[in-house]
Amino acid sequence: MVRAGADAHRLAGQLHHASLAGLLLSGYLALAGSGHLGLGWALVAGAGIAVLAATGWFLAERFARGSTFVEILASLELLAAALLSASLSFFLFLAAFVFFLVAAHAAGEIRQSARGHAQVARGGLRGFHARLSGLIFCASLVILILTAGLFFVLPRTANEAFRRFAPERFRLPGLASEVQLGQIGAILNRSAAAMHVRVIGPHRELPVRWRGMALTSFDGLRWSSPEGAGRIIQVEEGRSILADDDQRRRAGGRITYEVRLEMAAGGVLFLTGIPEVLWTSSASVRETPEGSLLLADATGRRLRYGAIGYLDDTRTAPRPGGDHLRLPALDPRVRALARNVTSEESSDERRARALESYLARSYQYTAELPSEQSSDPLAQFLFDRRKGHCEYFASALAVMLRSLGIPSRLVTGFHGGQLNPVTGWHLIRTSDAHAWVEAWVDGKGWLAFDPTPAVQTPRNPPLLGRLTFYADAAGMFWQDWVVDYSLERQVTLAERMQGSGRTFGARWLDGARLGLLRWRDAAAGAARSYGVGFLLLVLAAGGLYVLAPKARKLWRIRRRFSRARSGGVVASDATLLYSRMLDILGRRGYRKPAWFTPWEFVRCLPPSETAEAAAVLTAAYHDLRYGGRPEAASRMIELLDRLEHAPPEPGA
């Protein structure tokens, strides 16, 4: 017999420490994985949490409830992550947190109860970790299921607070009303979903460019656009007509689409082609002088809108001037390069195409930022580094066009995208952020030019790509029904469930009626063809159902007997061996009443060798069961073998 109390205390202590560590780790990973903390701040937060955790560990080892400090610290981590995170990964960390929290409390209670040197009668420590982990998993699963039920019943009331705490989490730097050279490059290595687009109608192929802001002012380091300039367009009943009658009567292709903008960029709407009609929940839209559209009330929230776009990038307009031609102090080599490349061209459009082709052929694309900041990053790109990302290519083209007297502007947005076959939405990531140029050409208006070299994006293996699509679909569900869950969405869900319930009820009755008829006909046919065989099969299945539990119980008993004979005995085996003795005595006519204790039963037996063996067996049973003496098992097995093979006594 082992000192089960001490062992239980030791095993529970190990599990308690592991659970507290898992609790802290899941809370920290939820905080670090929110995407709001940079690597530096994540390391600082980790160091601070480690110091506080060490303090909590010190208290947990010396005080009965000192682990509460560690649990509070982990809860604060999770609370901070809840305010900062908006991704599906938070739910996974939440599930891990609940699991470790239940484990910590369960192990803590077991450890507290087993503290001391008390001996227990039943060992029961075999598979302790596995059985306790299963119990913890089931309890955690029930908690998460109940929480999910309450989640869909109760509407969210902290949306505004959430946006106030973490508005920057949903912003895309470099795609709003100001772009500093190198700013877009900072997000090109991120693969988070920036927007989802669904095409409505016969169009299958998604246009390449999604136009956001058009910027005109350049000071050598950054592009900007005047704040508040443009006109206000009112939205009536969720729809606004953006184009005039002449534009809407133009012949050509059009596309109707819906956009879910996961990360806002100062309220900028990303659109393709020339927008003619816009659907949005906002009361008004501001159109800038450069044709960009912004929502005034979009800060810190996701946007959902739809539009009809005319599939042509050519924008007619009178010849611009002012900011579209203004240049900062330039390195003289920039003007010389522009004149040299276009010396043989006779029109503005051909000059623009020549510069576009020259930049795409002569320079390399890289998403890496320059290692050193320069006072003239454009000259550094053109004459020293000779590689960069889209901002540098587009800025170089726009500046060289202006140096030749051709009006130009920088446009930011997205380029590309990928259809997710699971959801039917096109996925556009932050790594698809792009910048290009619009130049004004006599007789045509604004034309788009893209000098950035084409980059071959690596394709994921089929399995990984499929998993990525499923993860994106799960992320869309998370954003819809968790982050953006509101009273309106709750009402919509209730209406759908009510309507589905009525429809399901009617369909269920009709389906059940038809199903019963089919089952009746099928049963009649089967009875005629396979009646005897089917009856035998049913009888065999019934016999197996009745006999299988008994066979399994018998097999387990034999296993335990074999283990006891080989010396691997535990305290609970005493009951098994004693029951075997009662079976042998019962076959000899001595049956123990249920209300008799083992010693009362022995005293009632008539004097005989069987009674003497039963008395010795009962004493050994008490030694093993309550005295913690495993050597008593061998005596019980020896006596049982003697009883089993002893001849019946006269008169028994």
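Everything below is about the structure printed above this text.
Summary of the structure given here.

**With respect to the overall build of the protein chain**
Next up, step 1: What the protein chain contains, in helices and strands, is 17 helices and 19 strands.
Next up, step 2: Taking all 652 residues of the protein chain together, the buried fraction comes to 42%.
Next up, step 3: For the protein chain, the exposed surface amounts to about 35,500 Å²; the carbon and sulfur share of it is 59%.

**Structural notes on the nonpolar core**
Next up, step 1: Counting 70 residues, the largest nonpolar core has Met-195, Trp-210, Phe-270, Tyr-305, Leu-359 and Phe-414 as its most contacted members.
Next up, step 2: A total of 10 residues in this core trace back to one element, the largest contributor, which is helix H11 (residues 390-403).
Next up, step 3: With residues up to four places along the chain from it excluded, the contact list for Met-195 reads Trp-210, Val-259, Arg-260, Leu-261, Glu-262, Phe-270, Phe-414, His-426, Leu-427 and Ile-428.
Next up, step 4: Leu-577, Ile-584, Tyr-590 and Leu-639 belong to the second-largest nonpolar core, a separate cluster that totals 23 residues.

**Section: the packing of helix H9 (residues 348-362) against H11**
Next up, step 1: Close contact between H9 and H11 brings their axes to 10 Å; oriented N to C, the two are set at 150°. Judged by the sense of rotation from one axis to the other, the crossing of H9 with H11 is right-handed. Contacts from Ala-352, Leu-355, Glu-356 and Leu-359 in H9 reach Phe-393, Ala-396, Leu-397, Met-400 and Leu-401 in H11.
Next up, step 2: Of the residues contributing to the contact of H9 with H11, the split by class is eight nonpolar, no polar and one charged.

**Topic: the side chain of Thr-610**
Next up, step 1: With respect to the helices and strands, Thr-610 occurs in helix H16 (residues 609-625).
Next up, step 2: The buried category is assigned to Thr-610, whose relative accessible area is 4%.
Next up, step 3: Only 3.5 Å separates the side chain of Thr-610 from the side chain of Arg-588, close enough to count as a polar contact.

**Comments concerning the side chain of Asp-331**
Next up, step 1: Mapped onto the fold, Asp-331 is located in the loop between strand S12 (303-310) and helix H8 (332-341).
Next up, step 2: Setting aside its immediate chain neighbours within four residues, Asp-331 contacts Asp-376 and Ala-379.

**Some words on the packing of aromatic side chains**
Next up, step 1: The tally for this structure, following the rule as stated, stands at nine aromatic pairs.
Next up, step 2: Summarising the aromatic geometry, the rings of Phe-381 and Tyr-392 are spaced 5.8 Å apart at their centres and angled 35° between planes, so their arrangement reads as tilted. Highlighted residues: Phe-381 in helix H10 (residues 377-385) and Tyr-392 in helix H11, separated in sequence by 11 residues.
Next up, step 3: For Tyr-392, a relative accessible area of 5% translates into the label buried.
Next up, step 4: What links up through ring pairs into an aromatic cluster is the set Tyr-358, Tyr-363, Phe-381, Tyr-392 and Phe-393.
Next up, step 5: The ring of Trp-425 carries the charged tip of Arg-260 above its face, separated from the ring centre by 5.8 Å.
Next up, step 6: The aromatic ring of Trp-446 is capped on one face by Arg-409, whose charged end is 3.8 Å from the ring centroid.

**Things to note about a nonpolar patch on the surface**
Next up, step 1: Side chains of Ile-72, Leu-76 and Leu-79 sit close together on the surface and give an oily, nonpolar patch of about 300 Å² of accessible area.
Next up, step 2: Tracing the chain through its elements places Leu-76 in helix H3 (residues 67-84).
Next up, step 3: On the basis of relative accessible area, Leu-76 is assigned to the exposed category, the value being 52%.

**Some words on the sheet that holds strand S19 (residues 445-449)**
Next up, step 1: Across the sheet, four strands lie side by side as S3-S15-S18-S19; this open sheet has antiparallel pairing. Two strands lie at the open edges of the sheet, namely strand S3 (209-215) and S19, each paired on one side alone. For this sheet the average axis-to-axis angle between neighbouring strands, irrespective of direction, equals 35°.
Next up, step 2: Note that strand S18 (residues 433-441) and S19 share five bridges and pair antiparallel. Each bridged residue has a counterpart across the sheet, and for Val-437 the counterpart in S19 is Phe-449.
Next up, step 3: Those strands touched by H9 are S18 and S19, and its axis lies near 15° from that of S19.
Next up, step 4: Across the face of the sheet, H11 comes into contact with strand S15 (408-415), S18 and S19 while running at roughly 15° to S18.

**Some details on the pairing of strand S10 (residues 284-287)**
Next up, step 1: In this sheet, S10 lies alongside strand S6 (residues 231-234) in antiparallel orientation, the contact comprising four bridges. From the neighbouring strand, Ile-233 faces S10, where its bridge partner is Val-285.
Next up, step 2: Here S10 pairs with strand S11 (residues 293-294) via two bridges, running antiparallel. The residue bridging Glu-287 from the neighbouring strand is Leu-293, located in S11.
Next up, step 3: The antiparallel pairing of S10 with S11 creates a hairpin that spans five residues between the two strands, and Gly-291 there sits at a positive phi of about 90°.

**Concerning the pattern of salt bridges**
Next up, step 1: Summed over the entire model, instances satisfying the criterion amount to 18 salt bridges.
Next up, step 2: Notably, a salt bridge pairs Glu-276 with Arg-254, separated by 2.9 Å at the nearest N-O pair. In this pair, Glu-276 is assigned in strand S9 (residues 274-279) and Arg-254 in strand S8 (residues 254-261), connecting sequence segments 22 residues apart.
Next up, step 3: Owing to a relative accessible area of 22%, Arg-254 belongs among the partly exposed residues under this scheme.

**Regarding unusual backbone geometry**
Next up, step 1: Even without being glycine, Glu-237 reaches a positive phi, approximately 55°.
Next up, step 2: By secondary structure assignment, the location of Glu-237 is in the loop between S6 and strand S7 (239-241).
Next up, step 3: For Glu-237, a relative accessible area of 85% puts it in the exposed group.
Next up, step 4: One non-glycine residue, Arg-386, adopts positive backbone phi at about 60°.
Next up, step 5: Position of Arg-386 among the secondary structure elements: in the loop between H10 and strand S14 (387-388).

Here is what the cut-offs are and how they apply
Residues numbered from 1 in each chain as written. Predicted model: local features only at pLDDT ≥ 70, side-chain atom pairs only at ≥ 80, totals over all residues. Heavy atoms only, no water. Helix = DSSP H or I, 4+ residues; strand = E, 2+ residues; numbered from the N terminus. Buried < 20%, exposed > 50% of the residue type's maximum accessible area, 1.4 Å probe, protein only. Areas by Shrake-Rupley, 256 points an atom, 1.4 Å probe, with all protein chains shown as cover. Core = buried A, V, L, I, M, F, W, Y, C linked by side-chain atoms within 4.5 Å. Contact = heavy atoms within 4.5 Å. Axes fitted to C-alpha atoms, helices over the stretch in contact; angles between N-to-C directions. Left-handed = near helix turned anticlockwise from the far one by under 90°. Nonpolar A, V, L, I, M, F, W, Y, C, P; charged D, E, K, R; others polar. Polar contact = N/O pair within 3.5 Å; in protein donor to acceptor, adjacent residues only side chain to side chain. Phe/Tyr/Trp six-rings, centres within 6.5 Å; stacked < 30°, edge-to-face > 60°. Lys NZ or Arg CZ within 6 Å of the ring centre and 35° of its normal. Patch = residues over 30% accessible without salt bridge, like charges linked within 9 Å, V, L, I, M, F, W, Y side chains within 5 Å. Salt bridge = Lys/Arg side-chain N within 4 Å of Asp/Glu carboxyl O. Pairing = 2+ DSSP bridges.

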